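Structure assessment
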Amino acid sequence: MAATLDVAPGLRGLPRGLPYHQPVDRKAFPDGLRTSGQHPPVESQIRPFEAFPTEITGPTVWEGRDIATRQGEWAHRWTEGELNELLQAVDAFTISGIPLININKQNFSIPNVTRTLQAARHDILNGRGFVLFRGLPVETWGRQKAAIAMMGISAHLGYLLSQNKLGQVLGHVTNLDADYKNSLDKVKIAATNAAQLHHTDEADIVGLLFCAPGESGGASGCASAHTVWNALVRERPDVAKLLASPVWYFDRKGEITAGQEPWIKVPVFYLEPGGQERVYVKWDPYFVKSLTRYSDKGLIPALSPQQLEAMDILEQTCARYGFEYACEVGDMQFVSCCQTFHSRTAFVDALPPKPPRHLLRTWVGTPEHEGGWCLPFHDSFHPKRGGIQVDSTPPTANPLVASGGTD
């Protein structure tokens, strides 16, 4: 009998024949689940460009200039009743004494808000790929309560994932003055005030709660990967084919478990190997450009002129069909990393005594058996698929201390 994936008692019933994962130490992982981490795709499940659709239709296809005028479809302002229920759940969770890393939809009960979140989850996974919740009173509640609300809401969308080698399930996006220009292999661009080009995170859904604004800049951006794909196939099929080929190396940036290579070789666009056979994207240019330390040594190929051109065209196409919107304190944004690119403009921090720009971030896994995408990775059914897991580093969550963006 094939070994099956280790799961918590309440999550039995997963398909047999999944790869065996090392046993989980319940002292470090009380729910019995460890973030799966990043893995190369299963080669037999990578489909050739010729199998991809030449045109995608449906709710995942949209243009920024149109959707920007229909904010009522993707922006929801919390009602007074919803905020009261959220605050009651935050207070009840606080009183319970349960560690923040153990928050889940059972111990963070929000029955009325859940209906709103179920509709939002469907839109994120199967529709336009992003939602914005407005009006969380961060400045009134304080960072601790806001973080509990953010993590509790995220837990209703899926499973909270570790975001780095420190095991952080609650990330901080703020300017740590990291020198990404000279140390891109050690620095994550989110730890700077530089613009972030269109990309996806190492999760199914990324959540961002805006806690403090910058003095200027820092607008959020989204683009439909399916609209971008249609344009590439129509205008530059050679680029689309290259992006759908498994010739791209992604940097792990030193977040490596023993036995893993320091990079992953993947395509940028995939076709779901089952399910609805949708086009899936996995992309971050900063994790591709940072590999010169290996290509200079001949360990992997250097980026070809064709790849460099494809990267430029991909970004230009995202910018052409995406849109940007300003966020305010209390905004909570959730974006699919399956069919939606997101970005950020450069920003300038406010001068003291005002706080620097600061966001709290969650990464959420949505396994295939709970309505998530069918992915060509061996952990497609793992509840905490994706994320970053180094060895058996336990999960942590600190709402007040920013770290983890650099070495």
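To be clear, the structure that these remarks concern was listed above.
The following paragraphs examine the structure supplied in this document. Keep in mind it's a predicted model, so treat the numbers as computed, not measured. (Residues numbered from 1 in each chain as written. Predicted model: local features only at pLDDT ≥ 70, side-chain atom pairs only at ≥ 80, totals over all residues. Heavy atoms only, no water.)

Another aspect to go through is the overall build of the protein. Secondary structure assignment for the protein yields nine helices and 17 strands. In terms of principal-axis extent, the alpha carbons of the protein reach across some 55 × 55 × 40 Å. Burial statistics for the protein: of 407 residues in total, 57% are counted as buried. Partitioning the intrachain contacts of the protein with sequence separation of at least 6 by distance along the chain shows that 80% fall at a separation of at least 24. Carbon and sulfur atoms make up 53% of the accessible area of the protein, which totals about 17100 Å². Counting 38 positive and 43 negative side-chain charges, the protein places the averaged centre of each group 3 Å from the other. (Helix = DSSP H or I, 4+ residues; strand = E, 2+ residues; numbered from the N terminus. Buried < 20%, exposed > 50% of the residue type's maximum accessible area, 1.4 Å probe, protein only. Contact = heavy atoms within 4.5 Å. Areas by Shrake-Rupley, 256 points an atom, 1.4 Å probe, with all protein chains shown as cover. Lys, Arg positive; Asp, Glu negative; His and termini not counted. Charge placed at Lys NZ, Arg CZ, Asp CG, Glu CD.)

Spatially, β5-β15-β8-β13 is the arrangement adopted by the four strands of the open sheet, whose pairing is antiparallel. The open sheet terminates on both sides in strands that have one partner only, identified here as β5 (196-199) and β13 (323-325). Pairs of neighbouring strands in the sheet enclose a mean axial angle of 20 degrees, with direction left out of account. Relative to β13, strand β8 (residues 220-224) runs antiparallel, the two sharing three bridges. Note on β13: the bridge partner recorded for G221 is E324. Packed on one face of the sheet, helix α6 (residues 225-235) meets β8 and β15 (340-344) and runs near 55 degrees to β8. (Pairing = 2+ DSSP bridges. Axes fitted to C-alpha atoms, helices over the stretch in contact; angles between N-to-C directions.)

Moving on, we get to the packing of aromatic side chains. One pass over the structure, following the stated rule, counts 22 aromatic pairs. When the ring of F133 is compared with that of F334, the centres are 6.3 Å apart and the planes differ by 70 degrees; the resulting orientation is edge-to-face. With a gap of 201 residues between them, F133 in strand β2 (residues 130-134) and F334 in strand β14 (residues 332-336) connect regions that are remote in the sequence. You can call F133 buried: its relative accessible area is 3%. Seen in terms of ring centroids, Y249 and W263 are 6.4 Å apart; in terms of plane orientation they differ by 75 degrees. Their pairing is edge-to-face. Of this pair, Y249 sits in strand β9 (residues 248-251) while W263 sits in strand β10 (residues 263-266), placing them 14 residues apart in sequence. Across the pair, exposure class does not vary: Y249 and W263 are buried alike. Three or more aromatic residues joined by ring pairs form one cluster here, namely F49, F52, W229, F269 and F341. One Lys or Arg, R34, reaches over the ring of F29 and ends 5.7 Å from the middle of that ring. R357 extends its terminal NZ or CZ atom over the ring of F347, reaching a point 4.8 Å from the ring centre. (Phe/Tyr/Trp six-rings, centres within 6.5 Å; stacked < 30°, edge-to-face > 60°. Lys NZ or Arg CZ within 6 Å of the ring centre and 35° of its normal.)

Moving on, we get to unusual backbone geometry. Between P352 and P353 the backbone carries a cis peptide bond, its omega angle lying at 15 degrees. Inspection of the secondary structure assignment puts P353 in the loop between β16 (347-348) and β17 (358-365). Here the phi dihedral of D177 falls at roughly 60 degrees; this positive angle occurs in a residue that is not glycine.

Now for the pattern of salt bridges. By the definition in use, this model includes 21 salt bridges. A salt bridge links E202 to K282, with the nearest nitrogen and oxygen atoms 2.9 Å apart. Of the two residues, E202 sits in the loop between β5 and β6 (205-212) while K282 sits in the loop between β12 (279-281) and α8 (292-295), which places them 80 residues apart along the sequence. For E202, a relative accessible area of 16% translates into the label buried. Take K282: its relative accessible area is 10%, and that puts it in the buried class. One network of salt bridges, in which partners are shared, links R77, R134, E328 and D331. (Salt bridge = Lys/Arg side-chain N within 4 Å of Asp/Glu carboxyl O.)

Enumeration according to the criterion identifies three cavities of 30 Å³ or more in this entry. Approximately 440 Å³ is the volume attributed to the largest cavity. Around the largest cavity, the lining is made up of 34 residues, and of these V173, A190, Q196, D201 and R361 lie nearest the centre. Of all the elements in the fold, those that place two or more residues in the lining of the largest cavity are β4 (171-174), β5, β6, β15 and β17. (1 Å grid on protein atoms, 1.4 Å probe; cavity = no way out; pocket = protein on both sides within 12 Å on 5 of 7 lines; lining within 4 Å. Points joined across faces, edges and corners; volume = space filled by probe spheres on them.)

On to the packing of helix α2 (residues 80-96) against helix α5 (residues 143-157). Two quantities define a packed helix pair, namely the angle between the axes and the distance from one axis to the other. For the pair α2 and α5, the least separation of the axes is 9 Å and the interaxial angle reads 100 degrees. The orientation of α2 with respect to α5, classified from their angle, is roughly perpendicular. Listed contacts from α5 to L86, L87, V90, D91, F93 and T94 of α2 are K145, I148, A149 and I153. The residue makeup of the contact of α2 with α5, split by class, is seven nonpolar, one polar and two charged. (Parallel < 35°, antiparallel > 145°, perpendicular 65-115°, else oblique. Nonpolar A, V, L, I, M, F, W, Y, C, P; charged D, E, K, R; others polar.)

Another point: the packing of helix α3 (residues 111-126) against α5. As a packed pair, α3 and α5 sit with axes 9 Å apart at the nearest point and diverge in direction by 60 degrees. With respect to α5, the element α3 is oriented oblique. The element α3 and its partner α5 pack so that their crossing is right-handed. Together, T114, L117, R121 and I124 of α3 and I153, H156 and L157 of α5 make up the contact between the two elements. Its residues assigned to classes, the contact of α3 with α5 comprises four nonpolar, two polar and one charged. (Left-handed = near helix turned anticlockwise from the far one by under 90°.)

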